[in-house]
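What the coordinates show
Below, each chain spelled out in residue letters.
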Amino acid sequence: MDAFREHRVSDSMFIPTSGYGYDDRGRDELDRIWADVMGAQAAFVRHNIVNGTQALSIGLFGLLRPGDLLLSVAGKPYDTLEQVIGITGQAGDGSLKDFGVRYRQIELQNGGIDYEGIESVFREEKAPVKVVFVQRSKGYLNRRTLTVAEIGELVRFVKKRSPKTYVVVDNCYGEFVETEEPTHHGADLIIGSLIKNPGGGMAETGGYLAGSEEAVRLASYRLTTVGVGCEVGASLGMNKSLYKGLFYAPHTTANALKTAHLAAYMFAKMGYDVEPSWDAERSDIIQSVICGTPEKLCAFCRGIQAGSPVDAFVTPEPWDMPGYADQVIMAAGTFTQGSSIELSADGPMRSPYTVYFQGGLTYESGKIGIMSAAQSMLDSPSV
Ligand SMILES: *Cc1c(COP(=O)(O)O)cnc(C)c1O
């Protein structure tokens, strides 16, 4: 509310621009509001970033140069980044690896950051590590979500030993769960999708990057082109939904969290292992339930779908999704296609058949959705 007032948000900022989109006040002011809200020096928010993966690519390609090292310190990054980095995929497709960017990874130790591991990579490398990359939420892994305080500790550790190293955070699903973001603790870039928490269920599509002046400028050159950065880009009438989405985001995220707490309690009572537990502190909106068998995983997803306001009549099936190594089953009966701040569930078809569940625009609809998932699991035969 303070940021909206200080930046004098008014009706005229919602007017669409076309062509180059020069002097789009709504777009430019929204970037500044985002920077303020995220505790960052700068930010850009764009409806034409197609998803979180592209937003992350913009950040990584913006900062990394041939010969540089990308060091992931929370284990393997999100599935869709594997091809971007060049961990999987074909040589010649234009991954970071194709451009000579090296990649190393450090696993979490007992769910936390392995500082000795980072220290030894810093010692082994001749040049400073260019990017330390950390994923806040668990993604499709059975691991803990990192808190903002833990990421802040990482930032201080890295900056003390190597002030030039950029700390980049995959912030997907974390926004507005805590009162601060990693940028409040000095992260150089936080990156995410607008059809998750920070779009508040209002943004039609898009992504954001926020962080230090320098990192955001370099990323903006990758968004458009060198020298042009954030000064162009027609908003085409999207500004209003992005403003409204940011306005709603803390509230919508709170509803998703309440739904997740209830789901954790219910499925634990039903005998499933859940992470996090109902009474744990949270740093993202994801609730995982270990279903144990492919049948139960599919039953959970069918129940979520049947309990949705849109497309309740369709049956989700496991499928080969672009960018994912295993087949994935996804349930999303959403107003905005694939939006996962809306009630949605997905899981890769691999043991132990964990379903990752998130969202719920309102607590009331979220509750109906998880009751439907629970019923569907009870109805599905045990094998
Ligand atoms: C959703 C997500 C992404 C990006 O996924 P998109 O489907 O491309 O938006 C990246 N990392 C994590 C941890 C995510 O949850």
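Calculation rules
Residues numbered from 1 in each chain as written. Predicted model: local features only at pLDDT ≥ 70, side-chain atom pairs only at ≥ 80, totals over all residues. Heavy atoms only, no water. Domains from an automatic or database assignment. Buried area = accessible area lost by both parts, 1.4 Å probe. Polar contact = N/O pair within 3.5 Å; in protein donor to acceptor, adjacent residues only side chain to side chain. Salt bridge = Lys/Arg side-chain N within 4 Å of Asp/Glu carboxyl O. Helix = DSSP H or I, 4+ residues; strand = E, 2+ residues; numbered from the N terminus. Buried < 20%, exposed > 50% of the residue type's maximum accessible area, 1.4 Å probe, protein only. Near = heavy atom within 4 Å. Areas by Shrake-Rupley, 256 points an atom, 1.4 Å probe, with all protein chains shown as cover. Nonpolar A, V, L, I, M, F, W, Y, C, P; charged D, E, K, R; others polar. Pairing = 2+ DSSP bridges. Axes fitted to C-alpha atoms, helices over the stretch in contact; angles between N-to-C directions. Contact = heavy atoms within 4.5 Å.

Points about the domain arrangement of the protein chain
- Assigned domains within the protein chain: domain 1 (2–246) and domain 2 (250–379).
- Taking only C-alpha atoms, the centre of domain 1 and the centre of domain 2 are 26 Å apart.
- Summing the contributions of domain 1 and of domain 2, the shared interface buries around 2400 Å²; its carbon and sulfur component is 52%.
- Ranking the residues of domain 1 by area buried against domain 2 places Lys138, Tyr140 and Tyr173 at the top, with a combined share of 30%.
- The interface formed by domain 1 and domain 2 holds 11 residue pairs in polar contact (both at pLDDT 80 or more) in total.

Quick notes on the pattern of salt bridges
- As enumerated under the stated definition, the model contains 17 salt bridges in all.
- Across the salt bridge formed by glutamate 124 and arginine 104, the nearest N and O atoms sit 2.7 Å from each other. Taken as a pair, glutamate 124 in helix α5 (residues 115–124) and arginine 104 in strand β3 (residues 102–105) lie far apart in primary sequence, 20 residues in all.
- The class for glutamate 124 is exposed, based on a relative accessible area of 51%.
- Overall, arginine 104 belongs to the partly exposed group, its relative accessible area being 27%.
- Between arginine 136 and glutamate 181 there is a salt bridge, with its nearest N and O atoms 3.0 Å apart. Linking arginine 136 in the loop between β4 (131–135) and α6 (148–161) with glutamate 181 in the loop between β5 (166–170) and β6 (189–193), this pair joins segments that are 45 residues apart in sequence. Glutamate 181 matches arginine 136 in its accessibility class, with the two residues each being buried.
- Among the charged side chains, a network of salt bridges with common partners joins Lys76, Asp79, Glu82, Asp326 and Arg350.

Some points on the site of the ligand
- Inspection of the region around the ligand gives Asn51, Gly52, Thr53, Leu56, Tyr78, Gln135, Ser137, Asp170, Cys172, Tyr173 and Lys196 as its neighbouring residues.
- Glycine 52 is positioned such that a nitrogen or oxygen atom in its backbone is 2.7 Å from an oxygen atom of the ligand.
- Residue threonine 53 places a side-chain N or O atom 2.5 Å away from an oxygen atom belonging to the ligand.
- When the ligand sits alone it has 380 Å² of accessible area, and the protein chains cover 90% of it.
- With 3 residues, the top contributor of residues to the shell around the ligand is helix α3 (residues 52–63).
- Of the residues belonging to the shell around the ligand, the class tally is 4 nonpolar, 5 polar and 2 charged.

Some details on the pairing of strand β11 (residues 344–348)
- When you tally the buried positions in β11, you get 5 out of 5 residues, the bulk of the element.
- Neither face of β11 is left uncovered, since the one carrying Ser344, Asp346 and Pro348 and the one carrying Ala345 and Gly347 both have all their residues buried.
- With 5 bridges connecting them, strand β10 (residues 328–332) and β11 associate as antiparallel partners. If you follow isoleucine 329 over to β11, its bridge partner there is glycine 347.
- When β11 meets strand β12 (residues 354–358), the two strands line up antiparallel, connected through 3 bridges. Paired with serine 344 across the strands is glutamine 358, a residue of β12.
- Between β11 and β12, which pair antiparallel in sequence order, lie 5 residues; one of them, tyrosine 353, sits at a positive phi of approximately 55°.

Here we look at the sheet that holds β4
- What the 7 strands build is an open sheet, ordered β1-β7-β6-β5-β4-β2-β3; its pairing is mixed. The sheet terminates laterally at β1 (42–46) and β3, the two strands that pair on one side only. Averaged over all pairs of adjacent strands, the angle between strand axes in this sheet comes to 15°, irrespective of strand direction.
- Bridge analysis of β1 against strand β7 (residues 207–211) gives 5 bridges, and the strand direction is antiparallel. Across the sheet, the residue bridging to phenylalanine 44 is leucine 209, located in β7.
- Sheet strands in contact with α6 are β4 and β5, and its direction is about 160° off that of β5.

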